[in-house]
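Listed below, chain by chain, are the residues.
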Amino acid sequence: DVVMLLDGSGSMDAWFGNHPHGFYGLVEILRDWAKTLPLTGEKAGTNTGPGPATGGLRLGFVQFSGQNPWWFISGRSEAIQTPDGRNKVGTGGHLSGDLSEINDDLDWHEANYMGDGTMIEKGLVMVGDMFDASHQHAVRPRVLIIFTDGQIYDPNSLAPARAVL
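In short, a report on the structure.

Parameters and conventions
- Residues numbered from 1 in each chain as written.
- Predicted model: local features only at pLDDT ≥ 70, side-chain atom pairs only at ≥ 80, totals over all residues.
- Heavy atoms only, no water.
- Buried < 20%, exposed > 50% of the residue type's maximum accessible area, 1.4 Å probe, protein only.
- Helix = DSSP H or I, 4+ residues; strand = E, 2+ residues; numbered from the N terminus.
- Pairing = 2+ DSSP bridges.
- Salt bridge = Lys/Arg side-chain N within 4 Å of Asp/Glu carboxyl O.

With that out of the way, let us pick up the pairing of strand S1 (residues 2–7). Across the 6 residues of S1, 6 count as buried, placing the element largely inside the fold. Side chains Val2, Met4 and Leu6 of S1 all project onto a buried face; the interleaved residues Val3, Leu5 and Asp7 project onto the opposite face, where all are buried too. Where S1 meets strand S2 (residues 59–67), 6 bridges bridge the pair, whose relative direction is parallel. By the bridge assignment, Val2 is partnered in S2 with Leu59.

Have a look at this one:
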């Protein structure tokens, strides 16, 4: 199980290499990368129980941002993932091995770029929740990949999250 924690901060709208918008460029790269992966084919929320893990990968995406602490008296971390429930989009914020759902998630993140400060705490909480929601969490390795272009403004949140993840 692999969750990508995507920096949705304002600096991600800068040129990255040949791409005029870093966040959109990252989403394009992730979309191309997902096509090459050996995915499980499982739809989001389709947990086969705590038994042996199926072969292949399941992916999840969380975008983080928030208000920098010097803009307000205290920093405010925010994070988003695709909606679940009646307004469900793609995976609904769950792990998925289905390429169509993964692409829907990436489309949604691209359309909902946050563009604020580099505050990661809420994103780490969502990642932990995503892993914990998987009934296979005891038998599948957990991988977290953090994509960011700069300094994280709430670094004290990294140590407690590491114990959970």
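Further notes follow.
Quick look at the pattern of salt bridges now. In this structure the tally under the stated criterion is 7 salt bridges. The shortest N-O distance in the salt bridge between Asp1 and Arg58 comes to 2.8 Å. Note that Asp1 is positioned in the segment before S1 and Arg58 in the loop between helix H1 (22–36) and S2, a separation of 57 residues in sequence. Residues Asp1 and Arg58 agree in their burial class; the two are buried. With its nearest N and O atoms 3.0 Å apart, the salt bridge here joins Asp132 to Arg142. Residue Asp132 is found in helix H3 (residues 121–132), and its partner Arg142 is found in the loop between H3 and strand S4 (143–147); the two are separated by 10 residues along the sequence. Residues joined in a network through salt bridges with shared partners are Asp1, Arg58 and Arg140.

Honestly, it's all geometry; don't read function into it.
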